[in-house]
Each structure stands twice: as structure tokens, then as C-alpha cells.
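Each chain, written out:
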Amino acid sequence: MKIEEVKLLLERVALCNLPQAMDGSFECSNNGPHFDRETPVRSTAYMLYMLCWLVKNGYDQYLEAANNAANYLMSSAATPYGVAYYFRDVPGKSKTNGLIGQAWVMESLIFSSKVLNRGELYLKAEELFKCHSFDLKNCAWHEVDLQGRDKGLGRTFNQQLWFAYVASQLKDTDGAEEKCKLFCMNVLPRTRFYRDGVIVHDSFFKKFNYSLKDVFEDACQAYVISKGWNKQRERSVGYQGFNMLPFAKLYHIHGLRKLVDRLVSSVRGESLLKEMEYNRYGLLYNPSGFEICEALLCLPEFDESTFERWLLLQLNSYDDGKLKRSPDIVLTRARLYELCRLYESYNDMRRK
């Protein structure tokens, strides 16, 4: 796609349908098919990235909106205690949306700090990263509450994976790269896969000192997965691109290449494409086509035909008729920011 075509798609799907509030925020979302009422933080982080990408590429008419969105994310409305970001208020669920909520904001702050030349945005991302303690025993991060108090080891696989990926972007932060490498070398080799290379969504890392109960649960889960009975298959398919992208971005770290090859094998052919088309968690929630395409760009052997099939599938999901099927139209529109990141990665590949 040409840059002007990308701009027009962003405007038609997102910018013309998501008005910005006076405080710089955007409309609240409901966490897609999970149906958790969210604050404006998530959609605003996505839209900030999108607006900054437009500014970076010469569309200065979006500069004021970008700065206003950044101001909102730096305000007490977004971080009531000045530490972690307030994502949702759902009984029994983390107000910070665990590690992933904070990682999404960090990603946007890092990118926008460069485009807007606002060093305080990077410093906020760095501060947010540092308030999450790293567990050297398990080589993974702890979650925090809104006040930055430790809530224990994060147990969701894709959240740890994305936190590591965003940590790798903190190039000027001491310790970020080292912790990312420790996570990749010690946790990712224990990822669980279906036979076709799809990551099992309820994959999660356990303590190195397994109990007998842990061993029994692992054995039972492995048996269920091998028989194809896992009820998480739909979610696993819908999150395949979401998992594959950070894997590919980090593939150069020791030990990841074989794992990435398994992921790539899952997206070739027609099987996963067909599963994805009506998946509740893919395309209209996770923009899986963009994520898989960007993952393919990270690898030394570019598979152009697979790239084109997944790109077309994702772009077709923004037809007006298909948008009506979205479980969360605000997020579907705002997560179009991932096309901006894909465009950057595509240009980087062409320049090499």
C-alpha cells in the first residue's frame, strides 16, 4: 500500500469515527470479546501511536491531536497515583490489566517521545518498566497495582511475551535488554504448541521447582492438547498473530529460531486462514493479519505470497459490512495503529 492509501484507511476507519475529547482522550472500549468496560487509556494509547505515525510521515495537521493524547496519558486521570495506568474497574480483575495494559502504553510512549521530541514520555515509559520487578528465579516480571505495589508474578503467557518485546525497545534504559534476554532464553523454550504450530493460549510458565501437582497438571494438559480437545483452540488461533509478532521481533536472541520456524509453518497454507476468518479473537479484535505480516518481515527469508494473503484478509475485515460484526468497534478502529507499525517494518525491510 502507498502511504496515502494508508492515511485514507486510517481516516475512514478510525479518525473520522473516534472523536477526541477535550482532555485529549478517546472513547472507552470494552476489551473486545472479553467485555470488560475499560477507561480511555487503552484506546488513547493506540490512537497516540497512530497520530504520531501520521505526523512522522508529514501530516502535520495531526500534531496538536497527538500532543493532546500524550498529555492525557501523562495526566492524573490516566495514572491516579502517578505510577501505573488505570485500565479498567471490573470486580475480580486487575485495574492495570496486568502486564499487557502497561506494555501497550509503554510502546506508545516510546514511539511518541521520538516523534514529538518529548523526552518526558520516554522517561515515563522507563519509570513504568522499572516499577515492575523482575523475578530472577523465574526470569519473568511481576505485576503491580495502581500504586505500584507488587502483586506477584504475572501468569499470562502473552502478557509476559509482550512486556519483553516492549522492554527490548527501551534502548536507553539500563537492564532492560538483559532482562529481556533472560526471559527469552529461559521462558520461551517452554512454550506449548499444537501440532500445527499454533501456540496454546493457556501456555504459561511455572516455577522451576515443580511440585508433584504441577507435573500432574502439565501431563493432563499435554494429553488434552495432543487429542485436540482443548477448549482454548479458538482463543489460541485468535492470538496466534499477537504471539507470533513479538516472537519474530526477538528471534535473533539465542534459542528462538526453531520456535519461530514452528510459528511460520502455522501461517502457511489455507488451514489457519479459514479458522481465523470468523474467529472472535482475530481480525476484528487482534488484527492478526497485520501482526502475522509484520512477523514475516522480521525473518531473513521473506515469504511474499503468505504475506499478501494475510494482508488481504486483514484489510478486507474493514469493509463496512464486516465491521458490524466487531465485538468492540472502538478497539477495532483504534487497533488499526498496528498497520502503522507494519508499514514502518515494511519500509525497514525494503531499505536493507
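These figures come from a predicted structure and were not determined experimentally. (Residues numbered from 1 in each chain as written. Predicted model: local features only at pLDDT ≥ 70, side-chain atom pairs only at ≥ 80, totals over all residues. Heavy atoms only, no water.)

1. Comments concerning the overall build of the protein chain
Secondary structure assignment for the protein chain yields 17 helices and 3 strands. The C-alpha atoms of the protein chain give 19 Å as radius of gyration, which agrees with the globular expectation for 352 residues (20 Å, within 12%). Projecting the C-alpha coordinates of the protein chain onto the three principal axes gives extents of approximately 60 × 45 × 40 Å. Burial analysis of the protein chain (352 residues in total) assigns 58% to the buried set. Considering only intrachain contacts with a sequence separation of at least 6, the fraction spanning at least 24 residues in the protein chain is 71%. As displayed, the protein chain has an accessible area near 15,200 Å², and 52% of this comes from carbon and sulfur atoms. Once the 47 positive and 44 negative side-chain charges of the protein chain are each reduced to a mean point, those two points are 5 Å apart. (Helix = DSSP H or I, 4+ residues; strand = E, 2+ residues; numbered from the N terminus. Rg over C-alpha atoms; globule rule 2.2 N^0.38 Å. Buried < 20%, exposed > 50% of the residue type's maximum accessible area, 1.4 Å probe, protein only. Contact = heavy atoms within 4.5 Å. Areas by Shrake-Rupley, 256 points an atom, 1.4 Å probe, with all protein chains shown as cover. Lys, Arg positive; Asp, Glu negative; His and termini not counted. Charge placed at Lys NZ, Arg CZ, Asp CG, Glu CD.)

2. Points about the packing of aromatic side chains
What the rule picks out here adds up to 20 aromatic pairs. On the basis of an interplanar angle of 15 degrees and a centroid distance of 4.9 Å, the ring pair of tryptophan 162 and phenylalanine 242 is categorised as stacked. Separated by 80 residues along the polypeptide, tryptophan 162 in helix H6 (residues 157-167) and phenylalanine 242 in helix H10 (residues 240-249) bring together distant segments of the chain. Of the two residues, tryptophan 162 and phenylalanine 242, neither departs from the other in class, the shared state being buried. Pairing tyrosine 239 with phenylalanine 242 gives two aromatic rings, centres 5.8 Å apart and planes at 80 degrees, and the pair type is edge-to-face. The exposure class of tyrosine 239 is buried, given its relative accessible area of 7%. Residue phenylalanine 242 is classed as buried on the basis of its relative accessible area of 1%. Taken together, the aromatic side chains of Tyr46, Tyr49, Trp104, Phe111, Trp162, Tyr165, Tyr239, Phe242, Tyr281, Tyr285 and Tyr337 make up a single cluster linked through ring pairs. Sitting over the face of the ring of tyrosine 194, arginine 233 holds its NZ or CZ atom 4.8 Å from the ring centroid. A cation over an aromatic ring shows up here: arginine 335 above the ring of tyrosine 285, its NZ or CZ 5.2 Å from the ring centre. (Phe/Tyr/Trp six-rings, centres within 6.5 Å; stacked < 30°, edge-to-face > 60°. Lys NZ or Arg CZ within 6 Å of the ring centre and 35° of its normal.)

3. Things to note about the pattern of salt bridges
Throughout the structure, instances matching the rule amount to 24 salt bridges. The partner of arginine 118 in a salt bridge is glutamate 120, with the nearest N and O atoms 2.7 Å apart. On the basis of relative accessible area, arginine 118 is assigned to the buried category, the value being 13%. Here glutamate 338 makes a salt bridge to arginine 335, at a shortest N to O gap of 3.2 Å. For the pair formed by glutamate 338 and arginine 335, the shared burial category is buried. A single salt-bridge network, built from bridges that share partners, covers Glu107, Lys249, Glu291, Glu294, Arg335, Glu338 and Arg341. (Salt bridge = Lys/Arg side-chain N within 4 Å of Asp/Glu carboxyl O.)

4. Looking at the environment of cysteine 16
Summarising the element assignment, cysteine 16 is placed in the loop between helix H1 (3-15) and helix H2 (41-56). With 61 residues separating them in the primary sequence, cysteine 16 and alanine 77 have C-alpha atoms 25 Å apart.

5. Here's the deal with the packing of helix H4 (residues 98-115) against H6
For the pair H4 and H6, the least separation of the axes is 8 Å and the interaxial angle reads 25 degrees. Our classification of the angle between H4 and H6 gives roughly parallel. Read as a crossing pair, H4 and H6 show a hand that is left-handed. Residue-level contacts link Gly98, Leu99, Ile100, Ala103, Met106, Glu107 and Ile110 of H4 to Gln159, Gln160, Trp162, Phe163, Tyr165 and Val166 of H6. Considered class by class, the residues forming the contact of H4 with H6 number 9 nonpolar, 3 polar and 1 charged. (Axes fitted to C-alpha atoms, helices over the stretch in contact; angles between N-to-C directions. Parallel < 35°, antiparallel > 145°, perpendicular 65-115°, else oblique. Left-handed = near helix turned anticlockwise from the far one by under 90°. Nonpolar A, V, L, I, M, F, W, Y, C, P; charged D, E, K, R; others polar.)

6. Thoughts on helix H11 (residues 257-267)
Three- or four-residue spacings in an α-helix give side chains the same orientation, since the helix completes a turn every 3.6 residues. Three or more residues of H11 are buried, namely Leu259, Val260, Leu263, Val264, Ser266 and Val267. One side of H11 carries all its buried residues, which in axial view fall inside an arc of 155 degrees. Two residues or fewer past H11, glycine 269 is found with a positive phi of approximately 80 degrees. (Arc of directions from axis to C-beta.)

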